[in-house]
Each structure stands twice: as structure tokens, then as C-alpha cells.
Number of protein chains: 2
Amino acid sequence: MTFVKETTDQPSPKFVPATERIATFDQDGTLWVEHPMYTFVMYSLERVPVVAKAKPELKDVEPFKTVLSGNREAMAKLTTADLEKILGAALTGMTVEEFAVEAKNWLETARHPRWNRPYTELVYQPMLEVLHYLRDNGYKTYIVTGGGQDFARMGSDKVYGIPPEHVVGTASATKYGYDKDGKPTLTKDPKLMLFDDFGGKPEGIHLMIGRRPYAAFGNSTGDQQMLEYTGAGDGARLMMLVLHDDAEREYAYGPAQGLPDTKVGTFTQALYDEAKQKSWTVISMKKDWKRIFAFES
Amino acid sequence: MTFVKETTDQPSPKFVPATERIATFDQDGTLWVEHPMYTFVMYSLERVPVVAKAKPELKDVEPFKTVLSGNREAMAKLTTADLEKILGAALTGMTVEEFAVEAKNWLETARHPRWNRPYTELVYQPMLEVLHYLRDNGYKTYIVTGGGQDFARMGSDKVYGIPPEHVVGTASATKYGYDKDGKPTLTKDPKLMLFDDFGGKPEGIHLMIGRRPYAAFGNSTGDQQMLEYTGAGDGARLMMLVLHDDAEREYAYGPAQGLPDTKVGTFTQALYDEAKQKSWTVISMKKDWKRIFAFES
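Here is what the cut-offs are and how they apply
Residues numbered from 1 in each chain as written. Chains lettered and ligands numbered in written order. Predicted model: local features only at pLDDT ≥ 70, side-chain atom pairs only at ≥ 80, totals over all residues. Heavy atoms only, no water. Pairing = 2+ DSSP bridges. Helix = DSSP H or I, 4+ residues; strand = E, 2+ residues; numbered from the N terminus. Axes fitted to C-alpha atoms, helices over the stretch in contact; angles between N-to-C directions. Contact = heavy atoms within 4.5 Å. Parallel < 35°, antiparallel > 145°, perpendicular 65-115°, else oblique. Left-handed = near helix turned anticlockwise from the far one by under 90°. Nonpolar A, V, L, I, M, F, W, Y, C, P; charged D, E, K, R; others polar. Salt bridge = Lys/Arg side-chain N within 4 Å of Asp/Glu carboxyl O. Buried < 20%, exposed > 50% of the residue type's maximum accessible area, 1.4 Å probe, protein only. Least-squares fit on C-alpha atoms with pLDDT ≥ 70 in both. Polar contact = N/O pair within 3.5 Å; in protein donor to acceptor, adjacent residues only side chain to side chain. Arc of directions from axis to C-beta. Right-handed = clockwise from strand over helix to strand, strands pointing away. Phe/Tyr/Trp six-rings, centres within 6.5 Å; stacked < 30°, edge-to-face > 60°. Lys NZ or Arg CZ within 6 Å of the ring centre and 35° of its normal.

Chemist: How would you summarise the sheet that holds strand β5 (residues 215–218) of chain A if you had to cite specific residues and measurements?
Modeler: Strand order in the open sheet made by the 7 strands is β4-β3-β2-β1-β5-β6-β7 (chain A), with mixed pairing throughout. The two strands at the open ends of the sheet, each matched to only one other strand, are β4 (184–194) and β7 (281–284) of chain A. Across the sheet, the mean angle from the axis of one strand to that of its neighbour is 30°, orientation sign disregarded. The pairing of β5(A) with strand β6 (residues 238–243) of chain A spans 4 bridges and is parallel. Counterpart to A:F217 in the pairing with β6(A) is A:M240. The sheet contacts of helix α11 (residues 224–231) of chain B involve β3 (167–178) and β4 of chain A, and relative to β3(A) the element is tilted by about 95°.

Chemist: Quick rundown of the packing of helix α2 (residues 39–54) of chain B against helix α5 (residues 80–90) of chain B? Include the residues and the values.
Modeler: Residue and element names in this part refer to chain B. At their nearest, the axes of α2 and α5 sit 9 Å apart, and the two run at 60° to each other. As far as their axial angle goes, α5 and α2 are oblique. Taken as a pair, α2 and α5 cross one another with a handedness that is left-handed. Contact residues: α2 offers F40, V41, S44, L45, R47, V48 and V51, while α5 offers L83, I86, L87, A89 and A90. When grouped by side-chain class, the residues that make up the contact of α2 with α5 number 10 nonpolar, 1 polar and 1 charged.

Chemist: Requested: an account of the pattern of salt bridges, with residues and values cited.
Modeler: Per the stated rule, a full pass over the model turns up 26 salt bridges over all chains. Between A:D9 and A:K5 there is a salt bridge, with the nearest N and O atoms lying 2.9 Å from each other. Residue A:D9 is classed as partly exposed on the basis of its relative accessible area, which comes to 30%. Salt-bridge contacts for B:K201 lead to B:D223; the nearest nitrogen and oxygen are separated by 2.7 Å. A residue pair is termed long-range when its members are at least 10 positions apart, and B:K201 in helix α10 (residues 200–208) and B:D223 in the loop between β5 (215–218) and α11 qualify at 22 residues. Across the pair, exposure class does not vary: B:K201 and B:D223 are buried alike.

Chemist: Please give an account of the side chain of B:T174 that cites residues and values.
Modeler: With respect to the element layout, B:T174 can be found in strand β3 (residues 167–178). Assessed through its relative accessible area of 7%, B:T174 is described here as buried. Those residues in contact with B:T174, other than ones at most four positions away along the chain, are A:E203, A:H206, B:V96, B:L186, B:T187, B:K188 and B:D189.

Chemist: Kindly report on the relation of the copies chain A and chain B, identifying the contributing residues and their values.
Modeler: The relation between the two chain copies is a rotation about an axis coupled with a shift along that axis. Of the two same-sequence chains, chain A is brought onto chain B (RMSD 0.0 Å, axial shift 0.0 Å) by a rotation of 180°. What we have between these two chains is a two-fold relation. Most of the interface of chain A is mirrored in chain B, where 100% of its interface residues again form contacts.

Chemist: An account of the interface of chain A and chain B is needed here, citing residue identities and associated values.
Modeler: Of the residues lining the interface, 36 residues belong to chain A; the matching set on chain B comes to 36 residues. Here chain A and chain B share 6 salt bridges between them. Note that A:E165 is salt-bridged to B:R211, the shortest N-O span being 2.9 Å. Where chain A touches chain B, the interface holds 22 residue pairs in polar contact (both at pLDDT 80 or more). Mapped by element, the contributors of at least two residues to the side of chain A that touches chain B are α6 (96–109), β2 (140–148), α8 (149–153), β3, β4, α10 (200–208) and α11 (224–231) of chain A. Residue composition of the side of chain A that touches chain B, grouped by class: 17 nonpolar, 7 polar and 12 charged.

Chemist: Could you give an account of the side chain of A:R47, with specific residues and numbers?
Modeler: Residues and elements named next belong to chain A. Looking at the secondary structure, you find R47 in helix α2 (residues 39–54). The exposure class assigned to R47 is buried, which follows from its relative accessible area of 9%. Ignoring anything within four residues of it in the chain, the contact list for R47 reads A90, L91, M94 and E102.

Chemist: So what's going on with helix α12 (residues 269–277) of chain A? Which residues, and what values?
Modeler: Residue and element names in this part refer to chain A. Three or more residues of α12 are buried, namely L271, Y272, E274 and A275. The buried residues of α12 all sit within an arc of 160° when viewed along its axis, so they share a single face. Those residues of α12 that are exposed and angled more than 90 degrees off the buried face are A270 and Q277. Residues of α12 that are buried make contact with α11, β6 and β7. Directly after α12, the chain includes S279, whose backbone phi takes a positive value near 60°.

Chemist: Give a description of the pairing of β6(A) that names residues and reports values.
Modeler: Residue and element names in this part refer to chain A. Summarising burial for β6: 6 of the 6 residues are buried, a large majority. Where burial is concerned, the two faces of β6 agree: the one with L238, M240 and V242 and the one with M239, L241 and L243 are both buried. As a crossover connection, the stretch from β5 through α11 into β6 is right-handed. The pairing of β6 with β7 spans 4 bridges and is classified as parallel. By the bridge assignment, L241 is partnered in β7 with V282.

Chemist: Give a detailed account of the packing of aromatic side chains, specifying residues and quantitative values.
Modeler: Evaluation of the coordinates by the stated rule reveals 30 aromatic pairs over all chains. On the basis of an interplanar angle of 0° and a centroid distance of 4.2 Å, the ring pair of B:F25 and B:F217 is categorised as stacked. With B:F25 in strand β1 (residues 22–25) and B:F217 in strand β5, this residue pair connects regions lying 192 residues apart in the sequence. Among the residues examined, B:F25 registers a relative accessible area of 0% and is labelled buried. Here B:W115 and B:F293 contribute two aromatic rings whose centre-to-centre distance is 5.2 Å and whose plane-to-plane angle is 70°, an arrangement assigned as edge-to-face. A residue pair is termed long-range when its members are at least 10 positions apart, and B:W115 in the loop between α6 (96–109) and α7 (125–136) and B:F293 in the segment after α13 (285–288) qualify at 178 residues. Just as B:W115 is buried, B:F293 falls in that class too. Three or more aromatic residues joined by ring pairs form one cluster here, namely A:F40, A:Y43, A:F99, A:W106, A:Y119 and A:F151. We note A:R212 situated over the ring of A:Y229; from NZ or CZ to the ring centre the distance is 4.3 Å.

See the structure below:
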């Protein structure tokens, strides 16, 4: 990769000191599968029956009623506001340790409907190789996801070699307090602190990292601003977008390049045109990736 | 240090894997001088004339009028709400790059009124040694400050060997946008995201790091919750508080142990008693530190 050579070879005019080598990766659709629905949203929806058991009054209230009905068609019509209500109810009120136990347990037991494998196996082999290659060259790799930060931190180390402190995501507040034995606790609170998508991605990078990345990887309009912000820095910068154009081995969606439209991981033609105009690399899953998942032989 | 031996020696039952070795340090009064006023507040106050030049309408409005008067007695009576107004006006509206240039410039030129030296020279030599010792043993060292995060990130690497991404502080939002040439910008916004003091310290640690520290260092009631949270973890944990009891070589304030009361870096008797009861280490600057500053011979 020319970019890595240019930024890590000492005599290069584009050399970047090791401490400044930051690379940021969107997660859903860039590092792992996001269709038919973001894993984080799947988790939240599957938490609803548990929540409704503890708070039976929710059973007759929308959008919980729809989720509990299990009616996939009705669920597909839930709005962003509905989803926010569900996330607020399903993922708050517990301590951060309780959340970690439940989320880890779910990640170990839940299965993707198409491959019947844990979501953590549906990571893209070529992207794992990029992560390793960059780290071998002194880059610190970060996840910058629109999904929940606490959720994305579970298993990021095992799956990607990315420690929790290198995960930036949509983050709610926590509240410091004490349990009945006087032991300090942090309880998850519904108050949204950072919406880490679109312009929120560079904002989150500034908040959590405080440096402009030298490389950024994404796959949708939610990553556009992160790539623009990365590209606006001096010297060599690397911007890459994954185009999902392989319905056979994974999924095909855009609507860029005539691919089917989608609400999950939208890649518009305008983003495609911006990428071409700014010399960002667009990766075709179909043409550029020999193997998609590690489990494929 | 027994703590470091216990947590880094492989056969020890209290061994901590290198990836989990996190140590957090308050900055003001723990790593550098905070009297007569927090450096970050000094910076904000000195920014007011610059701001008033750009926005002359502020000249006749409180609290700006008082700050511009230069009347130290009147300034000492400013409330927290006044200071928040000043911070909001003095440190927002510019891009993060513009902020960095101004803050760095101030840190290079401003002088502490007592020693007539840059604030960055008023760091405690024994704490620099602790930072190095912990890092030499695989600990990642973080600043967790009630002061402004963007401000604390300036020069943290040079002064403490702590990179900007390891600085957690009180943080305002930024806003992603484009300048007149279409170049992406992040502009500092007055909206407070994280108040990183008292209970906000463990909350900030969870938000930015996502792991409970194994060691935490502070000097005031604003650090109490960070030390409690650290101490509530399993295994070996190290909690230390610096007591400023050396008026001759630095400052003396509490009001713990009969020291003079202060609003800047308050160390109450209740905190002192909690420290003793929980076996936290209280460092006496007077008795325990042979040298306070690096510039002393």
C-alpha cells in the first residue's frame, strides 16, 4: 500500500510520526455484516421481551407492542424515533457491568438469520488484514461507529484486536451512584451524549481521540463526513469506501451504481461521485475481495 | 511500589494483563500547580480582552465588565455561573485548529505570578517520576481533569508524555461544517457534553476509556468519586491523594488537617477521613517530596 510506505518510511516527505498514526473504521457494513439490520439494533429488539417482563406496562404501548408481536413486516416500518424509544428502554437503567454481561452473552448465543453463525464471525477477512497491516506499521486502529459505543466495545478486542478504549460510538450518559451496600456504580442513562454518525463522526473523533485520522474506512453516507474530515488534512491521507455489490456472497445495496436502495447502510450515487472526484478508493466486494469471511474455505 | 510488583509479576494472583493496566491522574493540583487559580481558568480570563475586542457589546455586560476591570478582588468573587459564561464566550466559536494555536501560544508565553515561569514548568517532579514508572511497567497513563479537555490536550505529550487521546476532561461539543472554500471544519460550540469533575470523572472514564482504572491519583473532593470507583474494582488497586501542606515551597490548603480553606482544589476533612478509612495513600508534599519542581536544584 503506497499510503503506508509514504507515511512510515523515515526519509519520505509525507512521513508521519508513529504517535500521530490514527486510522478509523466504521463498523457496520465496513468491518462486519449490517444487513438485514444493524447488529446493535437486532440486539436492542431482542432485549424488548426481557424489558417487557420487568415492566409489563410497556406490553400495550407502541412501539413495544409491535416488536413483541414479532410481526417482521410491521417491525420493518418502525421509524427512527421508534427505534430511539426502544434503545432508550432496552439499554438503560442497568449498571455498565450488567450491560456488559448481557451484551456479551447475546453476542455468544445470537445467530445471524442467513448464515446461522454468531455475528462476530461475519467480519470481513480483507478488512481484518487491513487492520493488522496498519497496526504492524505503527497505526492505531479505532472503530468509529454509529452503533452503541458500549455494545461495540464488547468483544472488539477478540474480534478485531481493537481494545475498548479505541472504540468510539453513539454514547449515552452514565450516572455515578452507590448501590445499597455503598459500592460505587455507573448506571446507564437514556440521555444521549454523542450521536456518532454523519457529522457526529468527526465530532466524536475530536472528542474521544483529539487527532485527525490519516486513514478512514466506511461504506455509507453516515461515513461521508469522517472521510471528508480525514481527507482535509495535510500530507498523505487514505480514504476508502466498501461498496456492497455482491448479493450472492453477501448483499447488494446502494442505491449507487444502480444497486437496490436501502435504509440500512445507504450508499448514494452522490457519495459515489464525491469519492471518484476526491480520489477516494471504492472497494467492490464482488470484484476486489477474493474471500469475504474467514470461515469460507 | 508493591502495587506495581503485584500487578505486573506474572505468577502473582493479582496479575493484571498489560492491556488492562490503566492509571488515571487528575491534573490541577495533582500533576501541576493549581493556585492561586486553575491554569485553564487563568487562560479563559486572559482571553476575555481578545473576545471583547471582537464583540464590543460584551464590555458593559457582567461578568465580562468585572474581568476587563482587572480588579482582582472583584474577580475573586465571580461565581461558578459567571465563570461558565466566560468560558462559553472565550473558548467557543473558533475552529479546533484555531483554538489549538491560541492555547499553545498562551502556554508558551504566559507566566505564573509567583514563580514567573511558564505554567508547564510548574509540574511536580515526583509525579513525573510516577508517570514514567507506571508506563515503564506497561501502564497506560491518562489525565482525567475537571479543566477543559481541548486545553489540557495542548502540550500534554511534551510535559507529561501523555498523548492527546489519553486526556479526558470537561468537554464541550463541536460542530461539523464547511468553511467558505468548502473545507471541512470542526467549530467549538458552547454546549457542554461532559462535566468531568466529581461523579463526572468516573462517568468520563467510562465514556472515553471504557475500563475501570487500577490506579488513580487526585488531590481534592473533585477526585473523590474517581478514587472510589477505582477502589471498588477487584484485585490490587492503588489510590493516592496529594495534600498541599507546604506553603513555603508551594501552597498550603485543605481545609483537611487544619490547613487553610480554599475554593480551588478543596481537600475536606471528610475526604481525608475516607482516605484513611479506605487505606488510600495521602501524600504530604512537605514531608514526602524532597523536590517539588524539576527546576529546583
